[in-house]
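Listed below, chain by chain, are the residues.
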Amino acid sequence: MTRNSLILTSALALLIGAAAAGAQDGPEAPFLDMSAMSGTPLADRSGGAALAPAAQELGSAPVGDRTPTLSRPEAVDPDIGVTLPGSAGARQGGAATVLADHVALQGDRTLIASGGVVVWYQGARLVASRIVVDGASGDLTLEGPIHLSQPGATDPDAEAVLIADAGQIDGELQDGILRGARMVIARELQLAATEAERSQGGRVTTLRRVAASSCEICAGDPAPLWEIRARSITHDAETRRLSFEHPQFRAFGIPLAQAPFTITAPDPTVQRQSGFLRPQIRTTSGLGFGMKLPYFQTLGDHADVTLTPYLSFGRTRTLEARYRHAFANGATEWNAAITRDDLRPGETRGYVFGAALFELARGYRLAAQLQAATDRAYLLDYSVTNADRLWSGVSVERVRRDRLFWGRVGNYHSLREDEDNATSPAQVATAIWMRRLTPDLIGGEALLEWSVHAHRRPSDENILGRDVARGSVGVDWRRHAILPGGVVAAALTSLEADLYRIAQDDRFDRLVGRLDPMIGAELRWPLAGGTGAATHLVEPVIQLLYSPQGSDDDIPNEDSRLIEFDEGNLFSESRFPGWDARETGLRANVGATWTRLDPAGWSIGLTGGRVFRARPQGAFSEAGPLAGRRSDWLMAAHFDSGTGLAIANRALFDDSLTVSRNELRLGWLRPDLQLSAGHLWIASDAEEGRDSDTSELAATVGWQIADGWWGAAETRYDFAADRAQRASLRVTYRNECLAVETGVTRRFTSSDLVRPETSLDLSVRLAGFGQSPGGPGTVARRNCMR
């Protein structure tokens, strides 16, 4: 065999031997959603912009501190309720039912039916123009056109349908020989043969001198886009596998590859089955031309493993692996890779990411995660994730109508060049317990909270190795009353107590206690009116709060360094996101909202407000929007067309209309367009780690290029640095029998350890072998009309 023929034979084996696994190509149903277990605040801890949309990595979005959230272990439902032709379950029934224009019974008990003959027997249906039933054996001689199907099956759309010109079949409508046969599986894959033989109670169908394709075939141009010809193709209804004897692959009628042996492949109904998945060609500027060839192995209905060799012509030798296991009360998933490449000669590189989620007794949920990598460059070089901080640990939560418990303990590992893991909080533990109750004596609603937190730095140096532990208890109480004129008044109070233990920092006392009481009142005046058919909702709000003026200089601020000011916390008791700093003194939160609801389905809303203080709050950055006795003005607007278009903008500006922060988001969802874009601008603030202004644009867009063609693009551009951070463009073509995906991605990030990189991917999938995943946009179909 020549080298070229060997390559073509291998390509043919990969094309039709790719098993559809729930692993990558088949549809997947998440076993449990892990997003609720991230346990990380949404505020950005990086000192830069945290602007969506961002590309999701490992099936989950990065949380605020740029640590990947727990990935979602996934499981595919086992195949149940399968009834095979000729099985015991299918043979329960009585006599056959025959419907025909003419029926005659001869003396030897031979039955002849003609003219639109339909036979129903034990879940099978046979349609023919004429049948002859032998009285002695019960066998049927058929004249076509013949149509044999099982409409009474558990899933009729997934069953095979046989169409033939003539044939003979037994009285069970299962075994026999059909001439001029055509077999259609799951309304997707069709096989045309000169002869088809059914055996083993209808379980096995063997077609001889056969051509298989899932493409539309026109009478005027019978050559499909692609087809597989073989001496014979055998379909096993129990294992749902197709066996091709000496197959030949053709495109537009031209032979391209041939295999002198038998190749097996799953039929279109398969979700999980051992075998090769579709290969992927990947070319990068750092690793050159390479190919991935995944192999999927089922381990029963509850587990599977996928092994993916990645070879790049001497540049890299990589083995990727994924293991999934589903339990009665949870699931786990592990992804890993080990590599030897010429990017770092002589080094063994790799990563391992694992996650698990379990439902425990009494409503508790347990989640665990492990993340480790040899270096950040590896995660970028092999397109694993953009994350530069990894977290490993355990989380527990329980949520009830009036109670909540959440706890997390784990270890952070930073891959950033400018962060030292020895002097950064590595081991972190947090637990929170909250209970909502209604006091009998004073009424209203109270919220009781206990929390503990501790973090440790590996370093033993003074100041740089500071370790902190905290225990806190707090109670909040609020009671509403409706005053004359519809004004809603509320009285509110709270009491927060903290005890800190500070080690390895002689600038602070070892034990520090703090007590922060607060009292306040709130007035809201919700108003509703209308102009024409539209409805207007207006609500001015005034909130007056007082806490004894204090200072947190005796406590190190480690969890409230970055402060957000938006419509979500305009009327909050404190804008600090953590416990280490709190707002004190006399202050007033003033604002109003207006919403217009149009009967045509669109709506628009505005929210504005400001914070006033008797004295400046020293804990806020002097350059920040909350500094001084008067904060910046907050103005937020949103528009929803009701037809898929949504626009939102939030701005902070002072009395001279100088903008300190502005965020614009745009989303547009239509069948032929999916757009998500946003621009963020933040003024520089050295106290928050921004030495220069932040101005970033992030956008993802998908659009219907033409029938069957779908394009997707993504970009993130830093206007302050006047350069793109990343950009990608992907194009997908799908018709009834083929899916081609290709894309190019450019990463512009550069440092001493990370270099810019361009990658190109290409994958091809033939429909009809395993269940095909869906996708956005339309599916092109061949038009047979002249």
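Bear in mind the structure is a predicted one, so any value in this text is a computation, not a measurement.

### Regarding the overall build of the chain
Next up, step 1: A tally of regular secondary structure across the chain gives 2 helices and 46 strands.
Next up, step 2: The 786 residues of the chain split such that 44% are buried.
Next up, step 3: Accessible surface, the chain as shown: approximately 37,900 Å² in total, 57% of it carbon and sulfur.

### Looking at the state of the cysteines
Next up, step 1: Inspection of the entire model under this criterion finds 1 disulfide.
Next up, step 2: Linked covalently through their sulfurs, Cys215 and Cys737 form a disulfide whose S-S length is 2.0 Å. Given an S-S torsion of about 85°, the disulfide between Cys215 and Cys737 has right-handed geometry. Residue Cys215 is found in the loop between strand S12 (204-213) and strand S13 (226-236), and its partner Cys737 is found in the loop between strand S44 (723-734) and strand S45 (738-747); the two are separated by 522 residues along the sequence. Each of the two residues, Cys215 as well as Cys737, counts as buried.

### Side note on the packing of aromatic side chains
Next up, step 1: Using the criterion set out here, one finds 15 aromatic pairs in the structure.
Next up, step 2: Centroid distance Trp709 to Tyr733: 4.8 Å. Interplanar angle 45°. Geometry classified as tilted. In this pair, Trp709 is assigned in strand S43 (residues 709-718) and Tyr733 in strand S44, connecting sequence segments 24 residues apart.
Next up, step 3: What links up through ring pairs into an aromatic cluster is the set Tyr310, Tyr351, Phe353, Tyr378 and Tyr382.
Next up, step 4: Positioned above the aromatic ring of Tyr310, the side-chain terminus of Lys292 is 5.3 Å from the ring centre.
Next up, step 5: The ring of Trp579 is capped by Arg470, whose NZ or CZ atom sits 4.4 Å from the centre of that ring.

### Here we look at the pattern of salt bridges
Next up, step 1: Summed over all chains, the structure comprises 52 salt bridges.
Next up, step 2: Salt bridges here are not isolated pairs; linked through shared partners, they connect Asp341, Arg344, Glu347, Arg349, Asp375 and Asp381.

### Let's talk about the nonpolar core
Next up, step 1: Among the nonpolar cores identified, the biggest contains 43 residues, and Ile131, Leu191, Trp226 and Phe769 are the most heavily contacted of them.
Next up, step 2: Ranked by the residues each element gives to this core, the list is headed by strand S6 (residues 124-133), at 5 residues.
Next up, step 3: Tyr310, Tyr351, Tyr382 and Leu415 belong to the second-largest nonpolar core, a separate cluster that totals 13 residues.

### Here's the deal with the side chain of Thr732
Next up, step 1: Summarising the element assignment, Thr732 is placed in strand S44.
Next up, step 2: The class for Thr732 is buried, based on a relative accessible area of 18%.
Next up, step 3: Beyond its immediate stretch of four places on either side in the chain, Thr732 contacts Gly708, Trp709, Trp710, Val740 and Glu741.

### A few points about the confidence of the model for the chain
Next up, step 1: With 87% of its residues at a pLDDT of 70 or more, the chain has an overall mean of 85.
Next up, step 2: The secondary structure element of the chain with the lowest average pLDDT is strand S1 (residues 29-30), at 32, and the one with the highest is strand S37 (residues 603-613), at 97.
Next up, step 3: Residue range residues 18-70 is modelled with pLDDT below 50. Its contacts to residues more than four positions away, or to other chains, number 192 contacts.
Next up, step 4: Confidence drops under a pLDDT of 50 for residues 75-93, and excluding neighbours within four residues, the segment shows 34 contacts in the predicted structure.

### Here's the deal with unusual backbone geometry
Next up, step 1: Of note, the amide linkage connecting Gly144 to Pro145 takes the cis form, showing an omega dihedral of 5°.
Next up, step 2: Within the fold, Pro145 resides in strand S7 (residues 140-149).
Next up, step 3: With a phi close to 60°, Leu173 is a non-glycine residue in the positive phi region.
Next up, step 4: With respect to the element layout, Leu173 can be found in the loop between strand S8 (160-169) and strand S9 (176-179).

### Observations concerning a nonpolar patch on the surface
Next up, step 1: On the surface, Leu483, Leu523, Ile542, Val590, Phe612 and Trp633 cluster together to form a nonpolar patch covering roughly 490 Å² of accessible area.
Next up, step 2: Tracing the sequence through the fold places Phe612 in strand S37.

### Some words on the pairing of strand S25 (residues 349-359)
Next up, step 1: Burial within S25 is extensive, with 8 of its 11 residues counted as buried.
Next up, step 2: Relative to S25, strand S24 (residues 330-341) is paired through 10 bridges, and the arrangement is antiparallel. Directly across from Asn335, in S25, lies its bridge partner Phe353.
Next up, step 3: Relative to strand S26 (residues 365-373), S25 runs antiparallel, the two being bridged by 9 bridges. Paired with Phe358 across the strands is Leu366, a residue of S26.
Next up, step 4: Connecting the antiparallel pair S25 and S26 is a turn made up of 5 residues, with Arg362 showing a positive phi of about 65°.

Each value, and the rule that gives it
- Residues numbered from 1 in each chain as written.
- Predicted model: local features only at pLDDT ≥ 70, side-chain atom pairs only at ≥ 80, totals over all residues.
- Heavy atoms only, no water.
- Helix = DSSP H or I, 4+ residues; strand = E, 2+ residues; numbered from the N terminus.
- Buried < 20%, exposed > 50% of the residue type's maximum accessible area, 1.4 Å probe, protein only.
- Areas by Shrake-Rupley, 256 points an atom, 1.4 Å probe, with all protein chains shown as cover.
- Disulfide = S-S within 2.5 Å.
- Phe/Tyr/Trp six-rings, centres within 6.5 Å; stacked < 30°, edge-to-face > 60°.
- Lys NZ or Arg CZ within 6 Å of the ring centre and 35° of its normal.
- Salt bridge = Lys/Arg side-chain N within 4 Å of Asp/Glu carboxyl O.
- Core = buried A, V, L, I, M, F, W, Y, C linked by side-chain atoms within 4.5 Å.
- Contact = heavy atoms within 4.5 Å.
- pLDDT = per-residue confidence, 0-100.
- Patch = residues over 30% accessible without salt bridge, like charges linked within 9 Å, V, L, I, M, F, W, Y side chains within 5 Å.
- Pairing = 2+ DSSP bridges.

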